[in-house]
Amino acid sequence: MKLIILISTAWLISSISAVDAKSCTVLEDLCNTTCKYQIYITDASLPVLPSFDLCPLNVSVMRFENMDIAVVEDSSFPAGLSLINIVTSTIRNISDGALSLTAPTLESIHLDNSQVPNFFNTMKDLPRLEEILLRDVAIAQWEFPENSTFASTIKRLNLQNNSITSWPVWVNELKTLEKLSIIQNKMNTVTENSLSNLKNVLIDLTVIAANISAIPRDWSNLTALQRLTMVENQLTQARDVPSQLIYLNLENNALTELNESTFPAMPAIFELELSSNPLTTISAHAFDNMPSLGYLSFRYTLLTRVPLAVASLTKLRGLDFQYDLQLVCTCEESPLADWFSRNPQLTIWGTCGDVTVKVFFTDLAKLCPAAP
């Protein structure tokens, strides 16, 4: 086993078979008790996780990498931890009381590409836990513990590639959750009232590659939500997104048309990402209810014309048509040249035919005949 202990900016690397009084003495000689230690244990197969109680160290972080641990017993993790990170490891049997010593201080738990059966049980009594990251960890069969203290403290939850096939209903019990990310879990649908308890607290919601075809109607009631990312799904409309959003990312969905009913009125929206959608048609008034929009992206779409709807966007700073290979500019779009000249803060990316969209507006549009 390799034990790596980070002391301030210095590294001590020792090959040891257990944590003993001798190794602790070496550490104490290097640093006094005011130091913050980060312990990394890597590349080992252990029958039992060794106890760190012998060391009177101020340990803030423990990281396990490429480990196979048969048993983690009660009180195995030292007191005072703020973060536990388990990477590419297997813990075959972990006691429900494994975190009891560090429970009063533990703030973050990260499991990455690891197998820890029903680790939820160990997290039941963690009164300061604010962040859980579960990436490449199968949790479909995990049972969420009832009356968990962290249900009233957790602020950030990241579930990525967890073999989840239906929306995790227990998320709605995390009543202080501010940021939720659910990524690469094929769920197809989201039930109504899935986030009803979070409507006044959830600020940032990300759902990526979930194969979702519709946004639940009640998500429009998420009154605290400011950022919504729904990338790589199957959405054809977005009328049920909350109206107070400042950021909306719908990249790589199934949007083919934008009209007056595609979005709700969104007076505060600043950034709208619509890239990699099979868009072909945008009505003249599609953006009339987005007066604050500052950045709009249409990269990798099927648009053939610059949409006249952008003329209603007087605060736009960035307009992106890059990689829209079918885009052309004609005299029908020439009225937008005046709009472009009245918005000097605006940068336009992309080409239409052999020229950039910007050059068309500044140089070529003036050659078009005046509108009758």
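Residues numbered from 1 in each chain as written. Predicted model: local features only at pLDDT ≥ 70, side-chain atom pairs only at ≥ 80, totals over all residues. Heavy atoms only, no water.

Novice: How should the pattern of salt bridges be read in this particular structure?
Specialist: Two side chains of opposite charge can pair, provided their charged atoms sit close to one another. Inspection of the entire model under this criterion finds 12 salt bridges. The shortest N-O distance in the salt bridge between Asp-68 and Arg-92 comes to 2.7 Å. Pair noted here: Asp-68 is in strand β4 (residues 59-72) and Arg-92 is in strand β6 (residues 90-94), with a separation of 24 residues, a long-range link. Residue classification places Arg-92 among the exposed positions, given a relative accessible area of 52%. (Salt bridge = Lys/Arg side-chain N within 4 Å of Asp/Glu carboxyl O. Helix = DSSP H or I, 4+ residues; strand = E, 2+ residues; numbered from the N terminus. Buried < 20%, exposed > 50% of the residue type's maximum accessible area, 1.4 Å probe, protein only.)

Novice: So what exactly am I meant to see when it comes to the nonpolar core here?
Specialist: Inside soluble globular proteins, nonpolar side chains tend to come together where they are buried. Formed by 105 residues in total, the largest nonpolar core has its most connected members in Phe-287, Leu-296 and Phe-298. Considering each element in turn, this core owes the most residues, six residues, to β4. (Core = buried A, V, L, I, M, F, W, Y, C linked by side-chain atoms within 4.5 Å.)

Novice: Looking at this structure, how should I read the state of the cysteines?
Specialist: A covalent bond between the sulfur atoms of two cysteines is what we call a disulfide. Applying the stated criterion across every chain yields a total of two disulfides. At a sulfur-sulfur separation of 2.1 Å, the disulfide partner of Cys-329 is Cys-352. Its S-S torsion of about -105 degrees marks the bond between Cys-329 and Cys-352 as left-handed, since a negative value means left-handed. Of this pair, Cys-329 sits in the loop between β18 (318-320) and α2 (336-341) while Cys-352 sits in strand β20 (residues 351-352), and the two are 23 residues apart along the sequence. According to the relative accessible area criterion, Cys-352 is buried, its value standing at 5%. Covalently, Cys-331 is tied to Cys-368 through a disulfide, its sulfur atoms 2.2 Å apart. Linking Cys-331 and Cys-368, the disulfide has an S-S dihedral of approximately -85 degrees and is accordingly described as left-handed. Pair noted here: Cys-331 is in the loop between β18 and α2 and Cys-368 is in the segment after α3 (357-364), with a separation of 37 residues, a long-range link. Residue Cys-368 is classed as buried on the basis of its relative accessible area, which comes to 15%. (Disulfide = S-S within 2.5 Å.)

Novice: Sorry if this is basic, but what is going on with the side chain of Ser-89 here?
Specialist: Position of Ser-89 among the secondary structure elements: in the loop between β5 (83-87) and β6. Residue classification places Ser-89 among the buried residues on the basis of a relative accessible area of 3%. Separated by 3.2 Å, the side chain of Ser-89 and the backbone nitrogen of Asn-66 make a polar contact. A polar atom in the side chain of Ser-89 sits 2.8 Å from the backbone oxygen of Val-87. Setting aside residues no more than four positions away along its own chain, Ser-89 makes contact with Phe-64, Glu-65, Asn-66, Met-67, Asn-113, Ser-114 and Gln-115. (Polar contact = N/O pair within 3.5 Å; in protein donor to acceptor, adjacent residues only side chain to side chain. Contact = heavy atoms within 4.5 Å.)

Novice: Got a minute to help me understand the packing of aromatic side chains in this structure?
Specialist: Aromatic ring pairs are reported here in terms of the distance separating the ring centres and the angle at which the planes meet. Applying the stated criterion across every chain yields a total of 13 aromatic pairs. Between Phe-120 and Phe-144, the ring centres sit 5.7 Å apart and the planes meet at 80 degrees, which makes this aromatic pair edge-to-face. Of this pair, Phe-120 sits in the loop between β7 (108-112) and β8 (131-135) while Phe-144 sits in the loop between β8 and β9 (156-160), and the two are 24 residues apart along the sequence. Residue Phe-120 is classed as buried on the basis of its relative accessible area, which comes to 2%. An aromatic cluster is defined as three or more aromatic residues linked by ring pairs; in this entry it consists of Phe-120, Trp-142, Phe-144, Phe-150 and Trp-170. Against the face of Tyr-247 rests Arg-227, its NZ or CZ located 4.0 Å from the ring centre. (Phe/Tyr/Trp six-rings, centres within 6.5 Å; stacked < 30°, edge-to-face > 60°. Lys NZ or Arg CZ within 6 Å of the ring centre and 35° of its normal.)

Novice: Just to check I follow, could you spell out the environment of Ser-297 for this structure?
Specialist: Residue position: Ser-297 is located in strand β17 (residues 295-297). In sequence terms Ser-297 and Leu-272 are 25 residues apart; their C-alpha atoms lie 6.7 Å from each other. A polar atom in the side chain of Ser-297 sits 3.4 Å from the side chain of Arg-299.

Novice: Any chance you could explain unusual backbone geometry here in plain terms?
Specialist: A positive phi angle is found at Ser-163, which is not glycine, with a value near 60 degrees. Looking at the secondary structure, you find Ser-163 in the loop between β9 and β10 (179-183). For Ser-163, a relative accessible area of 47% corresponds to the partly exposed category. The phi torsion at Asn-252 lies on the positive side, around 60 degrees, for a residue other than glycine. Considering the arrangement of structural elements, one finds Asn-252 in the loop between β13 (247-249) and β14 (257-258).

Novice: How should a nonpolar patch on the surface be read in this particular structure?
Specialist: Nonpolar side chains collect at one region of the surface, where Val-359, Leu-364 and Leu-367 lie side by side and expose about 260 Å² of accessible area between them. Taking relative accessible area as the criterion, Leu-364 reaches 34% and is therefore assigned partly exposed. (Patch = residues over 30% accessible without salt bridge, like charges linked within 9 Å, V, L, I, M, F, W, Y side chains within 5 Å. Areas by Shrake-Rupley, 256 points an atom, 1.4 Å probe, with all protein chains shown as cover.)

Novice: Can you walk me through the environment of Thr-280 in this structure?
Specialist: Of note, Thr-280 is situated in the loop between β15 (271-273) and β16 (281-282). Once the C-alpha coordinates of Thr-280 and Leu-303 are considered, the two residues, 23 residues apart in sequence, prove to be 4.7 Å apart. For Thr-280, the side chain forms a polar contact with the side chain of Thr-281, separated by 3.4 Å.

Novice: Sorry if this is basic, but what is going on with the side chain of Asp-324 here?
Specialist: Topologically, Asp-324 is positioned in the loop between β18 and α2. Although Asp-324 is buried, it forms no salt bridge, and the closest oppositely charged side chain is Arg-299 at an N-O distance of 8.2 Å. Of the polar contacts made by the side chain of Asp-324, one reaches the backbone nitrogen of Tyr-300; its length is 3.1 Å. Discounting residues that sit within four places of it in the chain, Asp-324 has contacts with Phe-298, Arg-299, Tyr-300, Thr-301 and Thr-351. (Lys, Arg positive; Asp, Glu negative; His and termini not counted.)

Novice: Where do I start with α3 in this structure?
Specialist: Every α-helix carries 3.6 residues per turn, so stepping three or four residues along brings you back to the same face. Inspection of α3 places Val-357, Phe-360 and Phe-361 among the buried residues, and these make up the whole buried set. Taken around the axis of α3, the buried residues stretch over an arc of 95 degrees, which confines them to a single face. Where α3 is buried, its residues touch α2, β19 (347-349), β20 and β21 (355-356). (Arc of directions from axis to C-beta.)

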